[in-house]
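As a plain string of letters, each chain reads:
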Amino acid sequence: SQTIHQWPATLVQPVGSPLSLECTVEGTSNPNLYWYRQAAGRGLQLLFYSVGIGQISSEVPQNLSASRPQDRQFILSSKKLLLSDSGFYLCAWSYQPNTEAFFGQGTRLTVV
Amino acid sequence: GESVGLHLPTLSVQEGDNSIINCAYSNSASDYFIWYKQESGKGPQFIIDIRSNMDKRQGQRVTVLLNKTVKHLSLQIAATQPGDSAVYFCAEARGDKIIFGKGTRLHILP
């Protein structure tokens, strides 16, 4: 069966520090991968999506970046965190376009 | 979209009654729609989906209705239970992207 792993579950980082959140999928190959951010009590904002290794599409210009170094690995990064980067970050995967996405358990990031 | 910055509306329903959660979508070219349930502190969970060549689809205690004319989607939950308490999101697939709509918090009254 397919599983998605996202870590860490919680993270507290100072302003200006770097960020690296990792997401891996098991049990499938060539998935579509997604990073979303959710502010407290708000909806989900699509940040990045990827249809293959090295292929990243950005939805929102900001100080975050994403990379897909391996087929089932998706990384969200920042060189310098801002207070506004605080939120609940969710990784998701789908088999192909126009199919449902399956979500990880999320990382709650607090920038202080 | 602009909905991500808005506070979530709340729907309060008596336990045992039916719940109807509504969603409007913007892109008439979207051809696949999904409803998700998100419990506090967790990632969204798939509930039910529908493609644009259908106007109704039923699952266990849930029904999704799609009205393409007015670009409206609804989720009906029959005999609402305390475990249904969560935030519900609709989402639409646009090519390789999955865009979430405004969520609704479902509150169950005893």
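Computed from a predicted model, the values in this text were never measured in an experiment.

### Some words on the sheet that holds strand β1 (residues 3-7) of chain A
All names here are of chain A. Here 4 strands make up an open sheet; going across it, the order is β1-β3-β8-β7 and the pairing antiparallel. The open sheet has two edge strands, β1 and β7 (64-70), and neither has a second partner. The mean angle between the axes of side-by-side strands here comes to 15°, regardless of whether they run parallel or antiparallel. With 5 bridges connecting them, β1 and strand β3 (residues 19-26) associate as antiparallel partners. The partner of H5 across the bridge, within β3, is T24.

### Structural notes on the side chain of A:Q6
All names here are of chain A. Its place among the elements puts Q6 in strand β1. From its side chain, Q6 meets the backbone nitrogen of C91 in a polar contact 3.1 Å long. A distance of 3.2 Å separates a polar atom in the side chain of Q6 from the backbone nitrogen of G106. Setting aside its immediate chain neighbours within four residues, Q6 contacts E22, C23, W35, Y89, L90, C91, G104, Q105, G106 and T107.

### Side note on the layout of surface pockets
Residues and elements named next belong to chain B. Taken as a whole, the second largest pocket encloses approximately 270 Å³ of empty space. Together, 17 residues line the second largest pocket, and Q38, E39, S40, G41 and V87 are the ones closest to its centre. For the lining of the second largest pocket, a count of residues per class yields 6 nonpolar, 6 polar and 5 charged.

### Concerning the state of the cysteines
Taken as a whole, this structure holds 2 disulfides over all chains when the rule is applied. Residue A:C23 pairs covalently with A:C91 via a disulfide, S to S 2.0 Å. Its S-S torsion of about -75° marks the bond between A:C23 and A:C91 as left-handed, since a negative value means left-handed. Of the two residues, A:C23 sits in strand β3 while A:C91 sits in strand β9 (residues 87-94), which places them 68 residues apart along the sequence. Considered together, A:C23 and A:C91 belong to a single accessibility category, that of buried residues. The disulfide bridge from B:C23 ends at B:C90, spanning 1.6 Å between sulfur atoms. You can see B:C23 sitting in strand β2 (residues 19-24) and its partner B:C90 sitting in strand β8 (residues 86-94), a full 67 residues away along the chain. Taken as a pair, B:C23 and B:C90 share a single burial class, namely buried.

Definitions and limits used
Positions within a chain are numbered from 1, following the residues in the order the chain's sequence is written. Here every chain gets a letter starting at A, and every ligand a number starting at 1, in the order they are written. Predicted model: local features are reported for residues with pLDDT of at least 70 only, side-chain atom pairs are reported and counted for 80 or more only, and whole-chain, interface and lining totals are derived from all residues. The side-chain figures draw on all heavy atoms in the structure; neither hydrogens nor water molecules are used. Pairing between two strands is assigned when DSSP locates at least 2 bridges connecting them. Comment: elements are numbered from the N terminus, with helices defined as DSSP H or I runs of at least four residues and strands as E runs of at least two. To define axes, lines are fitted to C-alpha atoms, for helices over the stretch in contact only, and angles between the resulting N-to-C directions are given on a 0 to 180 degree scale. Any N or O atom pair separated by 3.5 Å or less is treated as a polar contact, with the protein-specific requirement of one donor-capable and one acceptor-capable atom, and with residues adjacent in sequence counted only for side-chain atom pairs. Note on contacts: a residue pair is in contact if any heavy atoms of the two residues lie within 4.5 Å. For each structure, a 1 Å grid was placed over the protein atoms alone; sets of points admitting a 1.4 Å probe that cannot get out are labelled cavities, open sets with protein on both sides within 12 Å along at least five of seven lines are labelled pockets, and lining residues have an atom within 4 Å of a point. Grid points are joined across faces, edges and corners, and a volume is the space filled by probe spheres set on the points. When residues are sorted by character, Ala, Val, Leu, Ile, Met, Phe, Trp, Tyr, Cys and Pro go into the nonpolar class, Asp, Glu, Lys and Arg into the charged class, and all the rest, Gly among them, into the polar class. Count a disulfide wherever a pair of cysteine sulfur atoms falls within 2.5 Å. With a 1.4 Å probe rolled over the protein chains alone, any residue whose accessible area is under 20% of its type maximum counts as buried; one over 50% counts as exposed, and the rest are partly exposed.

Nothing here speaks to function; it is geometry throughout.
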